[in-house]
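Commentary on secondary and tertiary structure
Residues per chain are reported as follows:
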Amino acid sequence: MANSQKRFDCFNLIPFQNYGVHCALGNLHCCRKYFVNRICKTANNRTGFLCDDRATCVLPSAVCNGVSNCYNSEDENPQMCSNLPKNLPAFLIFQCANPLVWIYSNQECDGYNNCGDCSDEVGSLCGSSCPAGWWRCTPVFYQFCWCIPPTFRCDGVQHCNDWSDEINCSP
Ligand SMILES: [Ca+2]
Ligand SMILES: [Ca+2]
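Rules used in this analysis
- Residues numbered from 1 in each chain as written.
- Chains lettered and ligands numbered in written order.
- Predicted model: local features only at pLDDT ≥ 70, side-chain atom pairs only at ≥ 80, totals over all residues.
- Helix = DSSP H or I, 4+ residues; strand = E, 2+ residues; numbered from the N terminus.
- Buried ≥ 20, exposed ≤ 12 C-beta atoms within 10 Å, placed from the backbone.
- Contact = placed C-beta atoms within 7 Å.
- UniProt positions renumbered as here; feature names shortened; annotations may be inferred.
- Pairing = 2+ DSSP bridges.

Going by an unreviewed UniProt entry, the protein carries the name Low density lipoprotein receptor class A domain containing 1 and comes from Erpetoichthys calabaricus.

Moving on to the overall build of the protein. Broken down by element type, the protein carries three helices and nine strands. N-terminal to C-terminal, the α/β element order of the protein is α-β-α-β-β-β-β-α-β-β-β-β. Buried residues in the protein amount to 23% of all 171 residues. Pairs at least 24 apart in sequence give 26% of the contacts found in the protein among residues at least 6 apart.

All right, on to the UniProt feature "domain: LDLRAD1-like C-terminal" (unreviewed entry) in the protein then. If you check UniProt for "domain: LDLRAD1-like C-terminal" (unreviewed entry), the listed places come out as residues 129-167 in our numbering. Along residues 129-167 the backbone is 0% helical and 10% strand, and the end-to-end C-alpha distance reaches 21 Å.

Bridging between strand E3 (residues 39-41) and strand E4 (residues 47-50) involves three bridges; their strand directions are antiparallel. Looking across to E4, one finds that Ile-39 is bridged to Phe-49. Joining the antiparallel neighbours E3 and E4 is a turn of five residues, in which Asn-45 adopts a positive phi near 70°. Summarising the sheet, E4 and strand E5 (residues 57-58) pair through two bridges and their orientation is antiparallel. Across the sheet, the residue bridging to Phe-49 is Val-58, located in E5. Hairpin geometry of E4 and E5 is characterised by an intervening segment of six residues between the two adjacent antiparallel strands and by a positive phi of about 60° at Arg-54.

It is worth spelling out unusual backbone geometry at this point. Pro-85 follows Leu-84 through a cis peptide bond whose omega is 0°. Along the polypeptide, Pro-85 turns up in the loop between helix H3 (78-81) and strand E6 (93-95). For Cys-118, which is not a glycine, the phi torsion comes out positive at approximately 65°. Within the fold, Cys-118 resides in the loop between strand E7 (102-104) and strand E8 (135-136). Its identity is not glycine, yet Asn-168 carries a phi of approximately 60°, on the positive side. Checked against the element boundaries, Asn-168 lands in the segment after strand E9 (147-148).

Strand-to-strand pairing in sheets goes through backbone hydrogen bonds, with the strands running parallel or antiparallel. Taken in spatial order, the three strands of this open sheet run E3-E4-E5, and their pairing is antiparallel. Two strands in the sheet have a free side with no partner beyond their single neighbour: E3 and E5.

What follows deals with the environment of Pro-89. Mapped onto the fold, Pro-89 is located in the loop between H3 and E6. Between the alpha carbons of Pro-89 and Arg-38 there is a distance of 8.6 Å; along the sequence they are 51 residues apart.

Position of Trp-135 relative to the elements: it lies in strand E8. Once the C-alpha coordinates of Trp-135 and Ile-148 are considered, the two residues, 13 residues apart in sequence, prove to be 5.2 Å apart. Residues contacting Trp-135, with those up to four places away along its chain left out, are Cys-130, Cys-147, Ile-148, Pro-150, Arg-153 and Asp-165.

Put into structure tokens, the structure is as follows:
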């Protein structure tokens, strides 16, 4: 138990400034000296990636997306971004039911069918209600699972199998 906990802690640590340092698995002294825990909370309370400035918290899906979001581009570190998602910290990843498909952790329970089989929208974390303001129905579009975004209600286009998004709309 203690051993696996140590490994987990190390796995969530990403080199701070000096990316050339490699610590042996479980070498906490080395990890603490050269690595920093990158877990942070974004403005909308999602788990994010902490930049070297220790203040900027980047959404997981903005890590290794080819755009620099941290001041020194540490979110686009070539070593971390090679062979995705193998070198990404575990907290940035959500594993879909299909073992071949992964998504970024902020795409879990966001209303969108990122996994392709809706396995990212069914977990206990998602609860049984729709994201705030979304409309519950059986969507006709593959990109949604159980709810559609508020902008698609009463927009003149059918998004729900039962047309419930386009009935009882005020004229
Ligand atoms: Ca980025
Ligand atoms: Ca999703």
